[in-house]
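Chain by chain, the residues:
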Amino acid sequence: MGVKDLWNILSPSCEKKSLWELQGLTIAIDLSSWIVDSQSIGDNTQMNMYLRNLFFRTSYLLLLGVKPVFILEGKAPSLKHDTIARRQQTLKESQTQSKNRNGNRGRLNCLQKRCEELLMSLGVRCYKSEGEAEALCSRLNELDVVDAVISQDSDCFLYGARVVLRNFTMSPSYTCDMYRMENVEAKLGLGRQKLLALSLLCGCDYEAGVHGVGKQSALKFLETLSNDQVLDRLRGWRSDDLYEYRIKGSQMTQEEKLEHNIRKKALLDPTFPSEDVISEFMSAKSVDVPKFEWTKPSLPNFVTMADRLLAWEDDYTCSKFLPLVTRWHLQHDGAECGLRLLEIVKRRAVRGVASYELRWHHDGVGDLTTVEPVHLIEQVYPELHQAFVQSKEKPKKGKGRKKKNDKEPGLDNIENLLGKLDISGKEIKQPNKKRSKQNGTKGLQTLDRFLLREATTNRMCDDITSESTTVCHSTPIRNINHDSSFHYLSDESGVDSPLRKNKTDLKSKKSLSLENVNQEDISESPHLSLTFHSLIDCSVDSDAFNLSDIVNSIVARTSVNPAVKIWANNIK
């Protein structure tokens, strides 16, 4: 229905939307499109499928917060009488053909009356259009009375609609296709007048179109024109002789040749372009603006209708209908509805919306549960809401008393570090690498070993000076014991220098025994009896050892290690 192949042409601008995204919108609904959708479904076991679908779709929209404005078909324009007759013949209703050639739509009107009866029981009002339902829906959208239009007719855009929703689908996907006119103009370059020109060339409900002109050639022609000049160009085809002049002079471009071929076929119809069709789509008709109004749903009326037309059991009918009554009750500030709220059962979240599961009581039905938004309960039942919130609050735990610590913050860590310092001359046990990194003692242990090596080396150097050349004091000597040796090699300058050699080299070299060293001074704990005088008296500059930093570090630890205290006193 509508313009031929227009939905396929507009498909690049289609947006798939969840029905949840329609929340809070006011939408004009072409009721006949929903009826036709249900009638076109193949064999089904449901009685009056169009009524069943209408109920569940309307209930979903109302509970979603959508404001539906239903528009019924009026008398069809005279331009559409032939189209209606052809459709009835397709549906094998030729016996009513003569009666419906005036556009009264006898069968459709009967179905619409049943739909209107069902909607009235839900408290939703319907409005009847003077002509096409999609025309009134589009006009309301153009005037910003509604936010969108639900219809299967593509000629809604020609009537002025800006947002059209089609393929309205409930379970299981709950989606619809959205077409925005701004996207159509931006992506496809098709404005309202171009779409109207396309309907005149390719055909619509009111015009059969130009024979031999397809959508591809029509779209290529429309690309050469702006939206504002396209209708004037079509009107000027009959009076413009520029084409004949250019044909004779063979001056036509490819675009002009395409337009000439379309023009030649279009002028075979003496009424092209039809001003009646242009007027039907483009005339700004005055309308009585309908507004959404939701009155109190009637449970008795709906139960009677559901039993008669849908063959539903009363229990099933009440379970599906009463959630509409509770929602209407809350949205209308607690107006009387025949239901009494008993309690808030628990918290719920419906697509990110904070909600409550409520338990109600109906005198004729009994108890039932519904899920309602929290803000409605807070507005209508503030005391019940507050009591529920307080019942769910957890008692605050008492804060325990903090244990007083006589020591200053961080003092324990400092004392632990100082306690780990060892200058007793014994081999220092290497801690775990991870633990060393955590405790931060690696640098202090290295300092202890450095002091031990330097002190022992310098003392040995003082004793050996008389027999050998001066030894560099920075040469490290590891793990000096009573039976250790101090090895020398003579370089080209004739000066002996200490070197650490591997085991194979040491066997081939002569060693200098430390027998001349005073063993009493270093027998038990050599570094305890050493002073810094031997370091200071050496020929090497004492600044190279950073003695001031070493002394300060040792003095800071005198309160921890007695051995360090004795040594520090000697230094002083």
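Scroll up a little and you will see the structure.
This write-up is about the structure you can find in this document. Since the model is a prediction, treat every value here as computed from it, not as a measurement.

**Some remarks on the sheet that holds strand E6 (residues 163–169)**
Sheet strands pair via backbone hydrogen bonds, and the direction of the pair is either parallel or antiparallel.
Phase 1 of the analysis: Read across the sheet, 7 strands follow the order E1-E7-E6-E5-E2-E3-E4 without closing on themselves; strand pairing throughout is mixed. Two strands bound the open sheet, and with one partner strand each, they are strand E1 (15–18) and strand E4 (126–128). Averaged over all neighbouring strand pairs, the angle between strand axes comes to 30 degrees, with direction disregarded.
Phase 2 of the analysis: Pairing of E6 with strand E7 (residues 175–180), which is carried by 5 bridges, proceeds in the antiparallel orientation.

**A short note on the nonpolar core**
Phase 1 of the analysis: One finds Phe70, Leu118 and Leu122 to be the most contacted residues of the largest nonpolar core, which totals 64 residues.
Phase 2 of the analysis: Per-element tally for this core: the top contributor is helix H3 (residues 49–64), with 8 residues.
Phase 3 of the analysis: Once residues within four sequence positions are removed from consideration, Leu118 is found in contact with Leu51, Leu54, Phe55, Phe302 and Met305.

**So, the packing of H3 against helix H6 (residues 106–122)**
Phase 1 of the analysis: Following both chains from N to C, one finds H3 and H6 inclined at 35 degrees, their axes separated by 10 Å at the closest point. The interaxial crossing formed by H3 with H6 has right-handed handedness. Within the contact between the two elements, H3 uses Tyr50, Leu51, Leu54, Phe55 and Thr58 and H6 uses Leu111, Arg114, Cys115, Leu118, Leu119 and Leu122.
Phase 2 of the analysis: Grouping the constituent residues of the contact of H3 with H6 by class yields 9 nonpolar, 1 polar and 1 charged.

**Quick word on the packing of aromatic side chains**
Centre-to-centre distance and the angle between the planes together describe a pair of aromatic rings.
Phase 1 of the analysis: The final tally for this structure, using the stated rule, is 17 aromatic pairs.
Phase 2 of the analysis: An angle of 50 degrees between the planes, with centres 5.8 Å apart, marks the rings of Phe56 and Trp312 as tilted. Of this pair, Phe56 sits in helix H3 while Trp312 sits in the loop between helix H15 (299–310) and helix H16 (314–331), and the two are 256 residues apart along the sequence.
Phase 3 of the analysis: Since its relative accessible area comes to 9%, Trp312 is described here as buried.
Phase 4 of the analysis: An aromatic cluster is present here, built from Phe55, Phe56, Phe302, Trp312, Tyr316 and Phe321 joined pairwise through their rings.
Phase 5 of the analysis: The residue whose ring lies beneath Arg57 is Trp34, and the NZ or CZ to ring-centre distance is 5.0 Å.
Phase 6 of the analysis: Against the face of Trp7 rests Arg166, its NZ or CZ located 4.3 Å from the ring centre.

**Regarding helix H18 (residues 382–392)**
Phase 1 of the analysis: For H18, the full list of buried residues reads His385, Phe388 and Val389. When H18 is viewed along its axis, its buried side chains cluster within an angular range of 100 degrees and face the same direction. More than 90 degrees from the buried face of H18, the exposed residues found are Glu383 and Ser391.

The rules we used
- Residues numbered from 1 in each chain as written.
- Predicted model: local features only at pLDDT ≥ 70, side-chain atom pairs only at ≥ 80, totals over all residues.
- Heavy atoms only, no water.
- Pairing = 2+ DSSP bridges.
- Helix = DSSP H or I, 4+ residues; strand = E, 2+ residues; numbered from the N terminus.
- Axes fitted to C-alpha atoms, helices over the stretch in contact; angles between N-to-C directions.
- Core = buried A, V, L, I, M, F, W, Y, C linked by side-chain atoms within 4.5 Å.
- Buried < 20%, exposed > 50% of the residue type's maximum accessible area, 1.4 Å probe, protein only.
- Contact = heavy atoms within 4.5 Å.
- Left-handed = near helix turned anticlockwise from the far one by under 90°.
- Nonpolar A, V, L, I, M, F, W, Y, C, P; charged D, E, K, R; others polar.
- Phe/Tyr/Trp six-rings, centres within 6.5 Å; stacked < 30°, edge-to-face > 60°.
- Lys NZ or Arg CZ within 6 Å of the ring centre and 35° of its normal.
- Arc of directions from axis to C-beta.

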